Amino acid sequence: MRIVACLIVLVAMAAPAQAQDPVRHGRALVSEFCASCHAVGPRGRSPHRSAPPFHALGRSFDLDDFPRLLVRGISATHPDMPEIRFNEDDARAVRDYLRTIQH
């Protein structure tokens, strides 16, 4: 029982720590939802030929405006891109991460 209580405390402490680090949270989000098609790191090519690498998104999008697009829902004209919507906190975290990897 004591081990379970310790695990609960550790999990409770980890959640606010992740919330305090939006860059890390943004990286986790794009890794989970976007990495199958987009290059989500600071270099490299996207797995899907028509998916832009995230390290170059700042050339095409105003990253300050990007969270609004993520909240509204990004969809593309090609059929492989699903419509994706994030809540405001997650959208800002994605933007904060993207800023760290731009060239």
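In this report, the structure presented in the accompanying data block is examined. Every value quoted in this text rests on a predicted model; they were computed, and no experiment measured them.

A tally of regular secondary structure across the protein gives 5 helices and 0 strands. Taken from N to C terminus, the helices and strands of the protein fall in the order α-α-α-α-α. Among the 103 residues that make up the protein, the fraction classed as buried is 31%. In the protein, of all internal contacts separated by at least 6 residues, the share reaching a separation of at least 24 is 50%. Of the roughly 7,100 Å² of accessible surface on the protein, 57% is carried by carbon and sulfur atoms.

Compared with the 16 Å implied by 1.5 Å per residue over 12 residues, the 16 Å span of helix α2 (residues 22–33) between its first and last C-alpha is a close match. Listing the buried residues of α2 in full gives Gly26, Leu29 and Val30. For α2, the angular spread of buried residues about the axis comes to 90°, placing them on one side.

Turning our attention to the side chain of Arg95. Considering the arrangement of structural elements, one finds Arg95 in helix α5 (residues 88–101). You can call Arg95 buried: its relative accessible area is 14%. With sequence-adjacent residues up to four places away left out, Arg95 is seen in contact with Leu63, Asp64 and Pro67.

Here α5 contains 14 residues, and its C-alpha end-to-end distance of 21 Å stays within 8% of the 20 Å for a straight helix at 1.5 Å per residue. Buried residues of α5: Asp90, Ala91, Ala93, Val94, Arg95, Asp96, Tyr97, Leu98 and Ile101, and no others. Looking at the packing, one finds that the buried side of α5 touches α2, α3 (57–60) and α4 (66–72).

A few words now on the pattern of salt bridges. The full count for this structure, using the stated rule, is 7 salt bridges. Here Arg99 and Asp64 are joined by a salt bridge, their closest N and O atoms 2.0 Å apart. Of this pair, Arg99 sits in helix α5 while Asp64 sits in the loop between α3 and α4; the two residues are 35 residues apart in sequence, bridging distant segments of the chain. What makes Arg99 partly exposed here is its relative accessible area of 40%. You can call Asp64 exposed: its relative accessible area is 54%. Between Asp96 and Arg95 there is a salt bridge; the shortest N-O distance is 3.0 Å.

Criteria and cut-off values
Residues numbered from 1 in each chain as written. Predicted model: local features only at pLDDT ≥ 70, side-chain atom pairs only at ≥ 80, totals over all residues. Heavy atoms only, no water. Helix = DSSP H or I, 4+ residues; strand = E, 2+ residues; numbered from the N terminus. Buried < 20%, exposed > 50% of the residue type's maximum accessible area, 1.4 Å probe, protein only. Contact = heavy atoms within 4.5 Å. Areas by Shrake-Rupley, 256 points an atom, 1.4 Å probe, with all protein chains shown as cover. Expected span 1.5 Å × (residues − 1). Arc of directions from axis to C-beta. Salt bridge = Lys/Arg side-chain N within 4 Å of Asp/Glu carboxyl O.

Function cannot be read off these values alone, since they describe shape.
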